[in-house]
Amino acid sequence: MQRLLTLAKQALQVRRVMEEVLVTPARLPSAAHQRFSTASAVPLAKTDPWPKDVGILDLEVYFPAQYVDQTDLEKYYHVEAGKFTTGLGQTHMGFCSVKEDINSLCLTVVQKLMERTKLPWDSVGRLEVGTETIIDKSKAVKTVLMELFQDSGNTDIEGIDTTNACYGGTASLFNAANWMESSSWDGRYAMVVCGDIAVYASGNARPTGGAGAVAMLIGPKAPLVLERGLRGTHMENVYDFYKPDGTTEYPIVDGKLSIQCYLRALDRCYAVYRQKIQTQWKQAGIDRPFTLDDLQFMIFHTPFCKLTQKSLARMVFNDFLSASSEIQASCYKGLEAFRGLKLEDTYANKDVEKAFQKASLDTFNKKTKASLYLSTYNGNTYTSSLYGCLASLLSQHSAQELAGSRIGAFSYGSGLAASFFSFRVSQDASPGSPLEKLVSSISDLPKRLASRKRMSPEQFTEIMEQREHFFKKVNYSPPGDTESLFPGTWYLDRVDELHRRKYARCPV
Ligand code: ACO
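A few points on the structure. (Residues numbered from 1 in each chain as written. Predicted model: local features only at pLDDT ≥ 70, side-chain atom pairs only at ≥ 80, totals over all residues. Heavy atoms only, no water.)

Check the secondary structure of the protein and you find 18 helices and 17 strands. The C-alpha radius of gyration computed for the protein amounts to 24 Å, which stays within 12% of the reference 23 Å derived for 508 residues, consistent with globular compactness. Dimensions of the protein, computed from the C-alpha atoms along their principal axes, are close to 80 × 70 × 55 Å. The proportion of buried residues among the 508 residues of the protein is 55%. Accessible surface, the protein as shown: approximately 22,400 Å² in total, 53% of it carbon and sulfur. (Helix = DSSP H or I, 4+ residues; strand = E, 2+ residues; numbered from the N terminus. Rg over C-alpha atoms; globule rule 2.2 N^0.38 Å. Buried < 20%, exposed > 50% of the residue type's maximum accessible area, 1.4 Å probe, protein only. Areas by Shrake-Rupley, 256 points an atom, 1.4 Å probe, with all protein chains shown as cover.)

Here it is as structure tokens:
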């Protein structure tokens, strides 16, 4: 009895503490609030209640300074002209020399974001890394990034690496936002870094490679708000693309299966998302179906651009199948033949694919095409692909065009993990607003891409062979010059006999 009473008292005490923490979030360290002094981030006033409008405050994109042209690759691989450029929708592919690895990519993009925003290094309380470019089965990329924070003395930074193919970036973003909206939050920013070196063994998949990284600053009062309660997720056990062999950088990939899995995951995630938003609407007194019309922009994980165009068409097909026969007749003219089909029977149906691609061309041009800028010119970057699409969308539109819109986002990682979610863009696009600053900070993306060096397919192949040669080697300094890297790029300087990696930075 006595023991029961003690337990009950303890439970009550815990509850009181929890309630206190939950209802008085404004009791955050005041110094942390004062540190919110960056150009683009918005300070959180001490009087603010629990953090509102958590989302992306700022972002930075990194891609390698060299690329190979896909028309050159078509000739080099003796495939029909147009197979990679028109068939896959890719014009250029970025790639890294042996001087770069996943740690250097992430070091570069984090430092660039911190330098541009002029954030104090101790204002970050959580740093999440999403990647599938694994060079160490134990030591996280995040721990290497701690090097950047060393001089500030800030070691109080939660978060480690998250891996599941191309989904790690989204899982990291969700983790960061969840932390900020939880009782664990200490009032500081979160940062999400995602990046990959996407390389395939020579063969059909090789032209769908790429490399790059994106760093995102997460905070309250963001210009791109993660919409609450609106995540549609689908997870499943499949072997479409995986990396069981630690002796090679290359994945085992069943390309056709991966595309089918991608589209199936899109169907499922979109259905769950629609159901959730319709429930929210019903509670607010709105009773109508959600369709693509309710998204002003739509971005996708983009392994190659043609798949993204097909995915948008797939969403229109989903809307069509869920519509009443009256709506089908009035809004989907010419598609009557596809009534009554089941989603699961149509993954290999080329008639459906072509008809809906044709019917959705205008929608694709309006809602999605601009988001493919980086993917077209740089290729797949796995975990950061979706966020590169977001950056591209921002770089191709003015703040006024984006203000008040809803951006749908579909994230896919083979194996598989996938989510459909959305960002609400702030209404304020006035000069100096967080949205206007975010948009203008990314507007140089086309110029930066155009400044890269074109390499021949022979040089590209030689570098791929070099990557194979040095993968898992010890006691070497990667060959090659550093002048070809962009200013301020971190690079791998040495791997010692115990696999310990040392990095150096090109002058800014
Ligand atoms: N002109 C125009 N188009 C052409 C030409 C030409 N001369 N030749 C072929 N094409 C078209 C084809 O018709 C096809 O288009 P369709 O799919 O609309 O019918 C397209 O080019 C591709 O041709 P395929 O022969 O189907 O391609 P291939 O078998 O060589 O491989 C694949 C393509 C499967 C995408 C391969 O590159 C791959 O495995 N990539 C990696 C896997 C991947 O990216 N999966 C996506 C999800 S998982 C992830 O993100 C990693």
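Moving on from the coordinates now.
By secondary structure assignment, the location of Q111 is in helix α5 (residues 102–117). Residue class for Q111 comes out buried when judged on its relative accessible area of 12%.

This next bit is on the layout of surface pockets. What the largest pocket holds in volume is close to 980 Å³. Looking at the lining of the largest pocket, the elements that each hand over two or more residues are α4 (83–87), α8 (255–283), α9 (305–322), α11 (350–359) and β13 (406–413). Per-element accounting of the lining of the largest pocket gives the leading share, 7 residues, to α8. Each residue belonging to the lining of the largest pocket can be placed in one class, and the counts come to 21 nonpolar, 12 polar and 6 charged. Put simply, the second largest pocket is a space of about 810 Å³. Along its surface, the second largest pocket is lined by 38 residues, and D101, N103, I135, R501 and Y503 are the ones closest to its centre. (1 Å grid on protein atoms, 1.4 Å probe; cavity = no way out; pocket = protein on both sides within 12 Å on 5 of 7 lines; lining within 4 Å. Points joined across faces, edges and corners; volume = space filled by probe spheres on them. Nonpolar A, V, L, I, M, F, W, Y, C, P; charged D, E, K, R; others polar.)

Here we come to the state of the cysteines. Evaluated as defined, the whole model comprises 0 disulfides. With no disulfide of its own, C166 lies closest to C194 among cysteine sulfurs, the gap being 11 Å. We classify C166 as buried; its relative accessible area is 8%. C261 carries a free sulfur, and the closest cysteine sulfur to it, the one in C269, is 12 Å from it. Classification of C261 as buried rests on a relative accessible area of 0%. (Disulfide = S-S within 2.5 Å.)

Let's shift gears to the site of the ligand. Near the ligand, the surroundings consist of 25 residues, among which K83, K256, S258, H301 and K310 are the closest. Note that a nitrogen atom of the ligand is positioned 3.4 Å from one of the backbone N or O atoms of G82. At 2.7 Å, a side-chain N or O of K310 approaches an oxygen atom of the ligand. The protein chains hide 78% of the 1,000 Å² of surface that the ligand would expose on its own. When atoms are counted within 2 Å of each cavity's grid points, the one that captures over half of the ligand is the largest pocket. Of all the secondary structure elements, the ones that give two or more residues to the shell around the ligand are α4, α8 and α11. (Near = heavy atom within 4 Å. Polar contact = N/O pair within 3.5 Å; in protein donor to acceptor, adjacent residues only side chain to side chain. Sits in = over half its atoms within 2 Å of the grid points.)

Using the criterion set out here, one finds 24 salt bridges in the structure. Among the charged side chains, a salt-bridge network with shared partners connects D58, E60, K112, R116 and R448. (Salt bridge = Lys/Arg side-chain N within 4 Å of Asp/Glu carboxyl O.)

A few words now on the nonpolar core. If you look at the biggest cluster of nonpolar residues, it comprises 139 residues, and the most contacted ones within it are I218, F410, F420 and F423. Top contributing element to this core by residue count: α8, with 10 residues. (Core = buried A, V, L, I, M, F, W, Y, C linked by side-chain atoms within 4.5 Å.)

This brings us to the packing of aromatic side chains. Enumeration over the complete set of coordinates arrives at 23 aromatic pairs. Seen from their ring centres, F63 and F486 are 5.9 Å apart, and the 85 degrees between their planes marks the pair as edge-to-face. Remark: F486 occurs in the loop between α18 (457–470) and β16 (490–495) and F63 occurs in the loop between β1 (55–62) and β2 (66–69); sequence separation between them is 423 residues. Judged by its relative accessible area of 1%, F63 falls in the buried class. Note on F486: relative accessible area 19%, which makes it buried. Relative to Y77, the ring of Y76 lies with its centre 5.2 Å away and its plane at 65 degrees, an arrangement referred to as edge-to-face. (Phe/Tyr/Trp six-rings, centres within 6.5 Å; stacked < 30°, edge-to-face > 60°.)

Structural measurements only, silent on function.
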